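An overview of the molecular structure
As a plain string of letters, each chain reads:
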Amino acid sequence: MRPGRNRGWLLRLVIAFSFAQGAVSMARPAVSYRALALGADERAIGVIAGVYALLPLFAAVPLGRRTDHGRCAPLLPVGVVLIAGGCALSGTADSLTAMAAWSGVMGLGHLSFVIGAQSLVARQSAPHEQDRNFGHFTIGASLGQLVGPIAAGALIGGPDMAGTSALALLVAGGVAAFSFVSLWRIEHRTSATSRTGPGARVPVHRILRTRGVPAGIFISLAVLSATDILTAYLPVVGEHRGIAPSVIGLLLSLRAAATIACRLVMTPMLRLLGRAALLTTTCLLAALLCAGIALPVPVWALAVILGTLGFCLGVGQPLSMTTVVQAAPDDARSTALALRLTGNRLGQVAAPATAGLIAGVAGVAAPFVMLGGLLLIASGLGLRQGRPGAGPAAPVGSAASAASPGPAVSAGSESVTDRDATLPSPELGKHRTGRGGA
């Protein structure tokens, strides 16, 4: 079947990803609360949050290369099994070491699912449908990020924090298992065999020396680190300020809802400001807002900060992906995006661990000041991309890009979250068939 003939597979994939992402978004704060109940301090929370990304740090590039020339669908059930198992076993773990290990398994499962799913969307979408299909796919993921923290907050609380957080993790494992319901007939047989035989591989050092690629990787790392530390450390801030877990869950979901809103209006914002100005402005504003979380503000003000911050953070991931895709050599875009994902995971390992050390010395609000510094650097790099000579040679929508849609997105993801769709350059916005997201 040719790409674009039937989009039933896309609906099933969106449903599966919503459950998988919802389970992860539910489990991340639950892991923090359960670790606190088991006696963890701020440093231990940072280490556990970092281990979530440790295994994916080493697996991102190999899995990305594998999907370039092989099937995508087998990665999906493998990812679901690892997510469900990591969630459930985290709920039964009785030591911080075991919780860290199962958190790493959960992270590896999420990586596997995301790489397989993005490769599937790229490979089975006609070139003119990719913006729309990726928009639907990534908004589905954002819905999981919206519902997950609310569900976690509804289950966690009361005097038995260890018991309620364990229950939330077991429920998260069950939510992930629901993804299996829609993973049938999701990969077309023709697309599964359309990419066989290895292609030429551009050396990694050459890609990393390409103008624009390091900047795109760092911007993505900074934005994802902000999202990740928000998820892991906002429960700790809530504990210190006397904010109930249910309220923390609502605040995290508010951030996710604002991110969805941002990605729905991305195209008009690009037309109005252009890529460099939009990236610079949102990163700068996000830096100030992250630093604002460190202030002892009331809950309503914290809600305003997180809502605005979520809107700003919604810009960085898709535009950083576009920066990397356009800057990389035409025959190395998949590897470049795999390196971007590796940078994301490196940030997920280093940023929470560093945040834990800072929190142990300077208090639980200090990591958010660190995030403000990272995003401030990212805003400077975004501004540099708008200077003459800093842009890429070929647009995303060029023939070279359309000729190899699978590799161009196979390894790019976030969490997300992951999770991100490649957005076209502003000059192509008027030709879009739908709104991109992520």
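Remember, it's a predicted structure, so these values are computed and weren't measured experimentally.

Bringing the overall build of the protein chain into the picture now. Scanning the protein chain from terminus to terminus reveals 18 helices and 1 strand. The burial tally for the protein chain puts 62% of its 438 residues in the buried class. Total accessible area on the protein chain is roughly 15500 Å²; 68% of this is exposed by carbon and sulfur atoms.

Turning our eyes to something else, we now look at the packing of helix α2 (residues 42–51) against helix α10 (residues 213–241). Here α2 crosses α10 at 155 degrees, and the two axes come no closer than 10 Å. Classified by the angle between their axes, α2 and α10 sit roughly antiparallel to one another. Judged by the sense of rotation from one axis to the other, the crossing of α2 with α10 is right-handed. Contacts between α2 and α10 involve Glu 42, Ile 45, Gly 46 and Ala 49 from the former and Asp 228, Ala 232, Tyr 233, Val 236 and His 240 from the latter. When its residues are assigned to classes, the contact of α2 with α10 shows 5 nonpolar, 2 polar and 2 charged.

This brings us to the side chain of Ser 103. Residue placement: Ser 103 occurs in helix α5 (residues 96–124). Residue classification places Ser 103 among the buried positions, given a relative accessible area of 2%. Ignoring anything within four residues of it in the chain, the contact list for Ser 103 reads Ile 48, Tyr 52 and Ser 90.

Turning to the packing of α10 against helix α11 (residues 245–264), a few remarks are in order. Two quantities define a packed helix pair, namely the angle between the axes and the distance from one axis to the other. Orientation of α10 relative to α11, taken along the N-to-C sense of each, is 155 degrees, at an axis distance of 10 Å. By the angle class used here, α10 and α11 are roughly antiparallel. Crossing angle aside, the handedness with which α10 passes α11 is right-handed. Seen from α10, the contacting residues are Thr 227, Leu 230, Thr 231, Leu 234, Pro 235 and Gly 238; seen from α11, they are Ile 248, Leu 251, Leu 252 and Arg 255. Residues of the contact of α10 with α11, tallied by class, amount to 6 nonpolar, 3 polar and 1 charged.

Conventions we followed
- Residues numbered from 1 in each chain as written.
- Predicted model: local features only at pLDDT ≥ 70, side-chain atom pairs only at ≥ 80, totals over all residues.
- Heavy atoms only, no water.
- Helix = DSSP H or I, 4+ residues; strand = E, 2+ residues; numbered from the N terminus.
- Buried < 20%, exposed > 50% of the residue type's maximum accessible area, 1.4 Å probe, protein only.
- Areas by Shrake-Rupley, 256 points an atom, 1.4 Å probe, with all protein chains shown as cover.
- Axes fitted to C-alpha atoms, helices over the stretch in contact; angles between N-to-C directions.
- Parallel < 35°, antiparallel > 145°, perpendicular 65-115°, else oblique.
- Left-handed = near helix turned anticlockwise from the far one by under 90°.
- Contact = heavy atoms within 4.5 Å.
- Nonpolar A, V, L, I, M, F, W, Y, C, P; charged D, E, K, R; others polar.

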